[in-house]
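# Commentary on secondary and tertiary structure
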Amino acid sequence: MSVVEDRVLTQDVFEELARSAIRAEEALRLEFVNGKLGVKAVPDGDHGRIIAWLTQICMQSDPSRWLFGEQGLRIESYRKGNARPDASLAPIDAFVGQGEWASPDDVLMVVEVTSYDEDTDRRDRVEKPRAYAETGIPVYLLIDRDSCEVKVHSGPDGVRYEQVVTVPYGKTVTLPDPVGIELATEPLKSWVR
């Protein structure tokens, strides 16, 4: 993922760039987090399998909610950013009629699965937790394939998440309310390099 400092990039210009990237031959995902334009490649097969596994768990827990893959969200204070989480848990009709960059108001949890690239540390472990907490998203689930850990961030205070629980793959972790799921992480051991 390459990053460009934002000195003149506006929300409208970003959204046009994002639409152009979708039309590009090489699939890229654009984000605008903490005033920085980010570009990252499409996820690998294990990444997709992790999201499929988590989708099944969420559906079994409550069929009125869905784990939406890569729905664009307006994030950060005053919605001055755009992120495309790997997945967002929300009521099944939460994004109807909203377009590519939706309001995060109904989002219960966002999920990121680390990629094997040089920017994953800054992006998934530093910038996104802060941006999602500023937005008020109740739970941020980070599935970290580098450290083979799951981190559950909760209790956003408008600046950061007040609680962070870290467990190694193989342990069970609670995704707190409003998610309310006990997540047995043993299967994750099969989807790391």
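Residues numbered from 1 in each chain as written. Predicted model: local features only at pLDDT ≥ 70, side-chain atom pairs only at ≥ 80, totals over all residues. Heavy atoms only, no water.

Let us now look at the pairing of strand β7 (residues 87-91). Counting buried positions along β7 yields four of five residues, so the element is predominantly enclosed. Judged from the five bridges that link them, strand β4 (residues 65-69) and β7 form a sheet pairing that is antiparallel. Looking at β7, one finds that F68 is bridged to S88. Bridge analysis of β7 against strand β9 (residues 109-113) gives three bridges, and the strand direction is antiparallel. Its bridge partner lying in β9, L89 is registered against M109. (Buried < 20%, exposed > 50% of the residue type's maximum accessible area, 1.4 Å probe, protein only. Helix = DSSP H or I, 4+ residues; strand = E, 2+ residues; numbered from the N terminus. Pairing = 2+ DSSP bridges.)

Spatially, β4-β7-β9-β10-β11-β12 is the arrangement adopted by the six strands of the open sheet, whose pairing is mixed. Looking along the sheet, the strands with just one partner apiece sit at the ends: β4 and β12 (161-168). Geometrically, the sheet is characterised by an average inter-axis angle of 20° between neighbouring strands, direction not taken into account. Helix α2 (residues 45-61) rests against β4, β7, β9 and β10 (139-144) of the sheet, and its axis sits at about 165° to β4. (Axes fitted to C-alpha atoms, helices over the stretch in contact; angles between N-to-C directions. Contact = heavy atoms within 4.5 Å.)

A few words on the nonpolar core. Note on soluble globular proteins: their nonpolar side chains tend to be buried together. Formed by 27 residues in total, the largest nonpolar core has its most connected members in W53, L54, M109, V111, L141 and I143. Contributing elements (two or more residues each) for this core: α2, β7, β9, β10, β11 (149-156), β13 (172-175) and β14 (181-184). A per-element tally of this core places α2 first, with six residues. Ignoring any residue separated from it by four or fewer positions in sequence, one finds I143 in contact with I50, W53, L54, V111, E112, V113, T114, E149, Y169 and L188. Counting residues in each nonpolar core, the second largest holds 17 residues, with A83, F95, A131 and Y132 among its members. (Core = buried A, V, L, I, M, F, W, Y, C linked by side-chain atoms within 4.5 Å.)

On to the confidence of the model for the protein chain. Taken as a whole, the protein chain shows an average pLDDT of 84; of its residues, 74% reach a score of 70 or greater. By mean pLDDT, the top-scoring element of the protein chain is β13 (98), and the lowest-scoring one is strand β1 (residues 2-5) (46). (pLDDT = per-residue confidence, 0-100.)

A separate point is the environment of R130. Looking at the secondary structure, you find R130 in helix α3 (residues 120-135). With a relative accessible area of 35%, R130 lands in the partly exposed category.

The periodicity of an α-helix, 3.6 residues per turn, causes residues three or four places apart in sequence to face the same way. With 17 residues, α2 should cover 24 Å at 1.5 Å per step; its first-to-last C-alpha distance of 25 Å lies within 8% of that length. Among the residues making up α2, those that are buried are H47, I50, I51, W53, L54, T55, I57 and C58. The inward-facing, buried residues of α2 contact β4, β7, β9, β10 and β14. (Expected span 1.5 Å × (residues − 1).)

Attention now moves to the pattern of salt bridges. Applying the stated criterion to the full structure yields seven salt bridges. Note that R84 and E100 form a salt bridge whose closest N and O atoms lie 2.6 Å from each other. Of this pair, R84 sits in the loop between β6 (81-83) and β7 while E100 sits in the loop between β7 and β8 (101-102), and the two are 16 residues apart along the sequence. Assessed through its relative accessible area of 11%, R84 is described here as buried. Relative accessible area serves as the criterion here: at 24%, E100 is assigned to the partly exposed category. Between K128 and E112 there is a salt bridge, and its shortest N-O distance comes to 2.9 Å. Of the two residues, K128 sits in helix α3 while E112 sits in strand β9, which places them 16 residues apart along the sequence. Its relative accessible area of 0% is what places E112 among the buried residues. (Salt bridge = Lys/Arg side-chain N within 4 Å of Asp/Glu carboxyl O.)

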